[in-house]
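Chain by chain, the residues:
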Amino acid sequence: TIHARRDWVAGNTSGTYETGFPAGDVLKGHLFLGAPLPVDGALFVMTEFDRVLNLVKVNSATGEVAWIQRVGLVEQPLFSGSQRRRQVGSYLPTYGNGLIICPTQAGALIAVDAITGATQWAYYYGESSVSRGRFSTRSLSDAKRSPGFVDPPHVVGNRIFYLPRLSNRLHCIDLELGTQIWAQRHDGQFIAVARTDDLLLIDNNVASGIDTTTGLTKWKKRLDIPAGRGVLFGKVPSTPTTDTLSM
């Protein structure tokens with residue numbers, strides 16, 4: 001029998017602290033928006049506190065907070081009014097070449113230095129008012145994709161491939177500079193597999209192969225209803241469906 005024990009806690013909201021755990025937790029009151037990303041002995045997790053979206057770096061061994069970086073601002077707290085359309089659990093950061101790439105569901109993708117916590121760039125993909133730098137979630141009613149599909153940014157080499165809910169386009173972004181390489185209109189729900197030469201894009205019961213150089217569709221194939229994320233079998237991209245594993 002394996003017995004797991006708790007080494008530390010963060011974000012205690014009870015007002016009391018157990019022996020062996022940090023008092024005055026700096027994350028008290030923070031709402032954790034998704035699973036943490038482990039990188040080199042640290043955990044990176046996105047939180048919301050007082051309408052501010054944050055990226056938090058935590059020492060995975062001790063629970064000590066290294067830094068907190070603001071990455072966005074929302075008009076209302078989560079679960080209030082139109083904010084119920086936001087996907088809790090979908091704020092999943094991605095790592096690439098020393099950067100933590102943060103989805104905000106507020107019209108922007110933010111890159112933060114994994115060591116210093118400094119913001120490196122912001123890529124705007126939302127409506128025109130958001131693209132001028134006003135972080136907002138008021139446009140969630142215009143979401144283009146189903147809330148049932150969580151699709152974080154995909155890093156392949158020096159490029160990021162992202163299919164945000166608030167855009168009807170698939171975006172290819174330079175990882176180092178945060179500039180757009182291309183943006184093509186697609187109706188996909190999520191990127192199942194990202195490779196150097198192509199992407200496997202899933203839209204309900206249609207799978208598409210997308211050329212990563214141009215963003216154009218190479219092929220399409222009908223399949224059963226998607227039932228999970230995609231995987232690679234050697235060099236073959238595959239995705240589970242309600243009936244079988246489609247390739």
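These numbers come from a predicted model, not from an experiment. (Residues numbered from 1 in each chain as written. Predicted model: local features only at pLDDT ≥ 70, side-chain atom pairs only at ≥ 80, totals over all residues. Heavy atoms only, no water.)

Each helix and strand counted, the protein chain has one helix and 20 strands in total. Buried residues in the protein chain amount to 46% of all 247 residues. Look at the contacts in the protein chain between residues 6 or more apart in sequence, and 39% of them connect residues 24 or more apart. Of the roughly 12300 Å² of accessible surface on the protein chain, a fraction of 51% belongs to carbon and sulfur atoms. (Helix = DSSP H or I, 4+ residues; strand = E, 2+ residues; numbered from the N terminus. Buried < 20%, exposed > 50% of the residue type's maximum accessible area, 1.4 Å probe, protein only. Contact = heavy atoms within 4.5 Å. Areas by Shrake-Rupley, 256 points an atom, 1.4 Å probe, with all protein chains shown as cover.)

What follows is about the sheet that holds strand 16 (residues 206-211). Pairing is antiparallel across the open sheet formed by four strands, whose spatial order is 14-15-16-17. Since the sheet does not close on itself, it has two edges, and those belong to strand 14 (190-194) and strand 17 (217-222), each with one partner. Going from strand to strand, the sheet's axes swing by 25° on average, the running direction of each strand aside. Summarising the sheet, strand 16 and strand 17 pair through five bridges and their orientation is antiparallel. In the strand pairing of strand 17, G209 is matched with W219. (Pairing = 2+ DSSP bridges. Axes fitted to C-alpha atoms, helices over the stretch in contact; angles between N-to-C directions.)

Within strand 8 (residues 108-113), six of the six residues are buried, leaving the element largely enclosed by the surrounding structure. Here strand 8 shows a buried face lined by A108, I110 and V112 and a second buried face lined by L109, A111 and D113. Both strand 7 (residues 99-103) and strand 8 contribute to a ladder of five bridges, which runs antiparallel. Across the sheet, the residue bridging to I100 is V112, located in strand 8. Linking strand 7 back to strand 8 in an antiparallel pair, the connection comprises four residues, with Q105 at a positive phi of about 55°. Pairing geometry for strand 8 and strand 9 (residues 119-124), over five bridges, is antiparallel.

Let us now look at the nonpolar core. One broad rule of soluble globular proteins: the nonpolar side chains tend to lie buried together. Core analysis: the biggest nonpolar cluster contains 18 residues, and F44, L55, V71, I100, C102 and V112 have the highest contact counts within it. Elements represented by at least two residues in this core include exactly strand 2 (37-39), strand 3 (42-49), strand 4 (52-59), strand 5 (65-73), strand 7 and strand 8. Excluding residues that lie within four positions of it along the chain, L55 makes contacts with F44, V45, M46, W67, I68, Q69, V71, I100, C102 and V112. The next biggest cluster of nonpolar side chains, apart from the first, holds twelve residues, and it includes I101, A111, W121 and I173. (Core = buried A, V, L, I, M, F, W, Y, C linked by side-chain atoms within 4.5 Å.)

It is possible for side chains of opposite charge to pair when their charged atoms get near one another. Inspection of every chain in the model, using the stated rule, returns two salt bridges. Here R195 and D198 are joined by a salt bridge, their closest N and O atoms 2.7 Å apart. Among the residues examined, D198 registers a relative accessible area of 12% and is labelled buried. D198 serves as the salt-bridge partner of K218, at 3.9 Å between the closest nitrogen and oxygen. With K218 in strand 17 and D198 in strand 15 (residues 198-203), this residue pair connects regions lying 20 residues apart in the sequence. Bridged by salt links that share partners, the residues R195, D198 and K218 form one connected network. (Salt bridge = Lys/Arg side-chain N within 4 Å of Asp/Glu carboxyl O.)

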